[in-house]
Structure formats: C-alpha cells, structure tokens
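# Geometric and topological summary
What follows is the residue order along each chain.
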Amino acid sequence: MYTQAMDTMGKEPGDGKKAVRSADEMRLEENFDAHIDAGDFIEAKDWMPDHYRKTLVRQISQHAHSEIVGMLPEGNWISRAPTLKRKAILLAKVQDEGGHGLYLYAAAETLGTSRDQMFDALHSGKAKYSSIFNYPTLTWADIGTIGWLVDGAAIMNQVPICRCSYAPYARAMIRICREESFHQRQGYEALLTMMTKGTDAQKAMVQDAVNRWWWPSIMMFGPPDDQSPNSAQSMRWGIKRFSNDDLRQKFIDAAVEQARILGVTLPDPDLKWNEERQAHDHGTIDWSEFWRVIAGDGPCNRERLATRVKAWEDGAWVREAALAHARKQTKLKEAA
Ligand code: BYC
C-alpha cells in the first residue's frame with residue numbers, strides 16, 4: 001500500500017546515526033553553505049551534503065510521481081469530453097503532464113537515483129505522490145475545476161521552485177510552469193463558459209465540483225508550518241522559497257476574486273477579508289483527512305496505484321523490445 005516517503009536510503013547519512021565527518025568534508029560543506037547563502041545554483045557534478053541530495057530525490061521524485069498519477073483522473077474524461085475542441089485541449093494537457101513527469105524523473109536521475117528505483121518505490125507504495133490525485137472526477141465540471149484550482153495551486157507552489165537552488169530541478173520547472181499556466185487558464189475558461197452560457201443544471205454541476213475540490217486543493221500545499229518536518233531545512237537550502245502556509249494563503253487570496261468573477265461560492269463560511277492582515281481568514285482545515293489520504297486511505301489511492309502498476313506490467317514488452325533493438329544496434333556497430 002502507498003504509505004511512506006521516498007526515504008528508502010534513510011533520512012540521515014548512516015540511516016540516522018551521526019556520521020563522523022572528516023576535515024575535508026567539513027570544508028566542502030562550508031563551501032556549499034556559502035554558495036547557498038550567496039544564492040548560487042548547485043549543479044549535478046558539484047559536491048553536496050548527503051541530506052541535501054536525499055531531500056531533493058524525495059521531493060523531485062514525489063513531484064514526478066504526482067505528474068504521472070495526475071494524468072489518471074483527467075484521462076478518465078478524454079473519451080467523454082463534450083466537444084472536439086475540449087477533447088483536443090484535454091488530450092494535450094494530459095500529454096503535458098506525462099512530459100512533466102519525464103523532465104522531473106530526468107532531474108532526479110542527475111542525483112544518482114535510477115528511474116527503475118523511483119518506479120519501484122512508487123509501485124511498492126514506498127513513495128508518495130500528491131494527495132489531490134486520490135479524489136475522483138465525477139463530472140465534466142471536475143475537469144474545469146482541476147484546471148482552475150489544482151493547476152492554480154500547482155503554479156503557486158511551483159513558480160518559486162524555478163529558483164530552487166538545485167539547477168536541474170529549477171530548469172525543468174521553468175518549462176513546466178509555462179505549461180501549467182495554460183492548464184489553469186483552460187480550466188477556468190471551461191468553467192466560465194458553463195457559468196455564463198450554461199443551463200442551471202450545468203451551473204449546479206460547477207458549484208458541486210468546486211464544493212468537492214476546494215478543501216483538497218488547499219491541502220495540496222502540505223501540512224501547516226508547525227507540523228511540516230521538512231520545511232525549515234528545505235528553506236535553509238533554498239529548495240523551498242516560501243512556507244506551506246504562506247503559499248496556501250496567497251492561493252486563497254487569489255482564488256476568492258476568481259470565484260467572484262466565475263459566480264461560484266467557495267465552500268467555507270468563515271472565509272473573509274481581514275483588513276489588519278491584508279489577507280483572507282479561512283475556516284479550519286480538516287488535517288485528519290489529509291493525513292488519512294497520504295497514508296493510503298483516500299477515496300482512490302488503491303485504484304490509482306493499481307492502474308500505475310498495471311500500466312508498468314502491460315508495458316514490459318515495449319521496454320524489452322527497446323532493449324533488444326539497442327543490443328542489435330550495438331552489435332551492428334561493432335561488426336561494421
Ligand atoms: N500530498 O514537511 P512537509 C501537480 C508530505 S503536481 C502528499 O511540508 P515538504 C499537478 C511530505 O512529502 C503536485 N504528500 O514536506 C500535476 C512529507 O512527507 P515525507 C505535486 C504530501 O516536502 C498534474 C510530509 O507530508 N507538487 O500539482 O517540505 C496535473 C510532511 O510535509 C503533501 C509537488 O510535488 C501532499 N499534498 O513539502 C495538475 C511540488 N504535502 O516525504 C497538477 C514539489 C506534504 O517526509 N513539492 N506531503 O514522508 C513540494 O513543493 C513539497 O514537497 C510539498 C511538501 C509542498 C508538497
């Protein structure tokens with residue numbers, strides 16, 4: 001079952017035991033810290049502390065898994081999109097998510113982990129992926145709502161990662177964020193069409209989708225800062241530039257105005273502008289639901305994982321054929 005983090009190599013060097021560091025290592029670490037403090041980027045061949053490497057592998061691989069698992073709830077609607085135009089847009093979007101997964105797996109590979117190791121962690125349930133993809137897509141309005149809220153939350157979280165201290169991750173994020181912007185706009189535009197030109201039933205369908213996706217979307221940013229074990233170190237290293245709560249707040253403030261233009265109600269009676277904070281106050285988030293979902297017990301966890309495992313098994317012949325072809329080409333080259 002999908003329960004744990006990508007900590008298959010242990011979180012501390014030596015699996016929690018304090019490693020004894022040589023004078024050389026200490027100098028290397030001081031040099032590394034100075035680069036981080038100066039805002040420099042770290043490249044794959046640069047020296048880096050073990051914990052920095054492991055933190056990046058954990059975050060980047062979880063991010064990659066989220067992209068490819070994220071294809072599933074939307075893929076569910078490709079054959080049922082209401083028009084040819086919407087089908088073409090959705091197809092392109094789902095393909096983009098597959099591409100994002102590939103850039104991110106490639107970025108994680110530069111840290112010395114193999115794609116097979118990462119897939120194995122996903123398929124065996126050791127690796128996490130975003131909680132949001134464990135919710136079902138019940139109607140067409142869910143597709144628009146995912147674009148507006150889920151991709152909107154993703155952009156809020158991911159634009160700062162374009163300045164992440166690890167350069168290969170930062171570079172991958174630049175392209176991903178450009179594509180995510182298109183994803184967010186297409187979702188919002190699909191909802192706007194239904195809300196301005198749709199029937200009463202279509203408008204009710206949009207409101208119902210927003211009611212179901214709002215709270216899981218604001219949980220995407222991760223636990224509150226005082227319950228986020230990784231934030232302090234990741235911010236120190238410039239992997240995360242803003243805290244989970246700060247990003248969540250920015251997202252909520254932006255979404256309120258967008259909801260007003262759409263003509264939908266966000267399902268939080270306590271959501272209101274706080275003049276003093278110059279930000280919106282919001283109701284209590286049900287963190288027990290979040291922890292349950294990331295522990296493997298959300299509405300679709302089992303289905304999502306089973307689908308990914310089946311896709312991997314069904315694709316075995318493609319991988320075998322590609323390897324056989326590569327071997328044949330090598331032999332031909334050697335014989336020439
Ligand atoms: N879901 O100490 P924290 C997308 C885990 S892709 C599941 O705050 P961190 C999209 C966290 O891993 C969306 N698990 O952790 C794709 C940690 O557990 P471990 C994905 C979560 O890493 C297709 C524990 O909770 N985006 O949007 O400092 C179509 C404590 O958390 C979640 C990314 O991956 C969650 N929501 O901060 C459309 C972006 N939140 O690993 C859209 C990159 C927390 O210690 N990732 N956990 O066992 C990040 O920015 C950070 O990893 C997070 C979490 C903000 C997600």
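Computed from a prediction, not measured in an experiment: that's the story for all the values here. (Residues numbered from 1 in each chain as written. Predicted model: local features only at pLDDT ≥ 70, side-chain atom pairs only at ≥ 80, totals over all residues. Heavy atoms only, no water.)

### A look at the overall build of the protein chain
- Helix and strand content of the protein chain: 13 helices and two strands.
- The principal-axis extent of the C-alpha atoms belonging to the protein chain is close to 65 × 60 × 35 Å.
- Looking at the 336 residues of the protein chain, the share that counts as buried comes to 49%.
- Of the contacts made within the protein chain by residues no fewer than 6 positions apart, 78% connect residues no fewer than 24 positions apart.
- A total of about 17,000 Å² of accessible surface is found on the protein chain, and carbon and sulfur atoms cover 56% of it. (Helix = DSSP H or I, 4+ residues; strand = E, 2+ residues; numbered from the N terminus. Buried < 20%, exposed > 50% of the residue type's maximum accessible area, 1.4 Å probe, protein only. Contact = heavy atoms within 4.5 Å. Areas by Shrake-Rupley, 256 points an atom, 1.4 Å probe, with all protein chains shown as cover.)

### Thoughts on the environment of valine 69
- Mapping valine 69 onto the fold places it in helix H2 (residues 50-69).
- The exposure class assigned to valine 69 is buried, which follows from its relative accessible area of 1%.
- Here the alpha-carbon distance between valine 69 and threonine 307, two residues 238 residues apart in the chain, equals 9.0 Å.
- Once residues lying within four places of it in the same chain are set aside, the contact partners of valine 69 are Tyr129, Phe133, Arg304 and Arg308.

### Comments concerning the layout of surface pockets
- Its volume calculated, the largest pocket comes out at about 1,100 Å³.
- Looking at the largest pocket, it is lined by 48 residues, and the ones nearest its centre are Gln62, Asn157, Met220, Phe221 and Gly222.
- Looking at the lining of the largest pocket, the elements with two or more residues in it are H2, helix H4 (84-109), helix H6 (140-158), helix H7 (167-197), helix H9 (231-236), helix H10 (244-262) and helix H11 (287-297).
- With seven residues, the single largest contributor to the lining of the largest pocket is H6.
- Residues belonging to the lining of the largest pocket are distributed by class as follows: 22 nonpolar, 15 polar and 11 charged. (1 Å grid on protein atoms, 1.4 Å probe; cavity = no way out; pocket = protein on both sides within 12 Å on 5 of 7 lines; lining within 4 Å. Points joined across faces, edges and corners; volume = space filled by probe spheres on them. Nonpolar A, V, L, I, M, F, W, Y, C, P; charged D, E, K, R; others polar.)

### Focus on the state of the cysteines
- According to the stated counting rule, one finds zero disulfides in the structure shown.
- Between cysteine 162, a free cysteine, and cysteine 177, which holds the nearest cysteine sulfur, the sulfur-to-sulfur gap is 3.8 Å.
- On the basis of relative accessible area, cysteine 162 is assigned to the buried category, the value being 18%. (Disulfide = S-S within 2.5 Å.)

### Points about empty space enclosed by the protein
- Summed over the entire model, instances satisfying the criterion amount to one cavity of 30 Å³ or more.
- Considering only enclosed or pocket space, the largest cavity measures out at about 30 Å³ in volume.
- In terms of lining, the largest cavity is formed by Arg86, Ile89, Leu90, Trp140, Ile143, Gln186 and Ala190.
- When residues of the lining of the largest cavity are traced back to their parent elements, those giving at least two are H4, H6 and H7.
- Per-element accounting of the lining of the largest cavity gives the leading share, three residues, to H4.
- Of the residues contributing to the lining of the largest cavity, the split by class is five nonpolar, one polar and one charged.

### Thoughts on H11
- Trp287, Glu289, Phe290, Val293, Ile294 and Gly296 are the residues of H11 that are buried.
- Buried residues along H11 sit in contact with helix H8 (200-219), H10 and helix H12 (301-314).

### Structural notes on the packing of aromatic side chains
- The tally for this structure, following the rule as stated, stands at 12 aromatic pairs.
- Ring plane angle 45 degrees and centroid distance 5.5 Å describe the contact between phenylalanine 221 and phenylalanine 251, whose orientation is recorded as tilted. Within this pair, whereas phenylalanine 221 is found in the loop between H8 and H9, its partner phenylalanine 251 is found in helix H10, the two being separated by 30 residues in sequence.
- Among the aromatic residues, ring-to-ring pairing joins Phe32, Trp47, Tyr52 and Trp237 into one connected group.
- Seen from the ring of tryptophan 77, arginine 80 lies directly overhead, with NZ or CZ sitting 4.0 Å from the centre. (Phe/Tyr/Trp six-rings, centres within 6.5 Å; stacked < 30°, edge-to-face > 60°. Lys NZ or Arg CZ within 6 Å of the ring centre and 35° of its normal.)

### Digging into the side chain of histidine 183
- Within the fold, histidine 183 resides in helix H7.
- Using a relative accessible area of 0% as the deciding quantity, one classes histidine 183 as buried.
- What histidine 183 contacts, discounting residues up to four positions off in sequence, is Lys93, Asp96, Glu97, His100, Gly147 and Asp151.

### Overview of unusual backbone geometry
- Phi at glutamine 278 is positive, roughly 55 degrees, even though this residue is not glycine.
- In this fold, glutamine 278 is placed in the loop between strand E1 (272-274) and strand E2 (279-281).
- A residue is classified by how much of its surface remains accessible, and glutamine 278, at 47% relative accessible area, is partly exposed.

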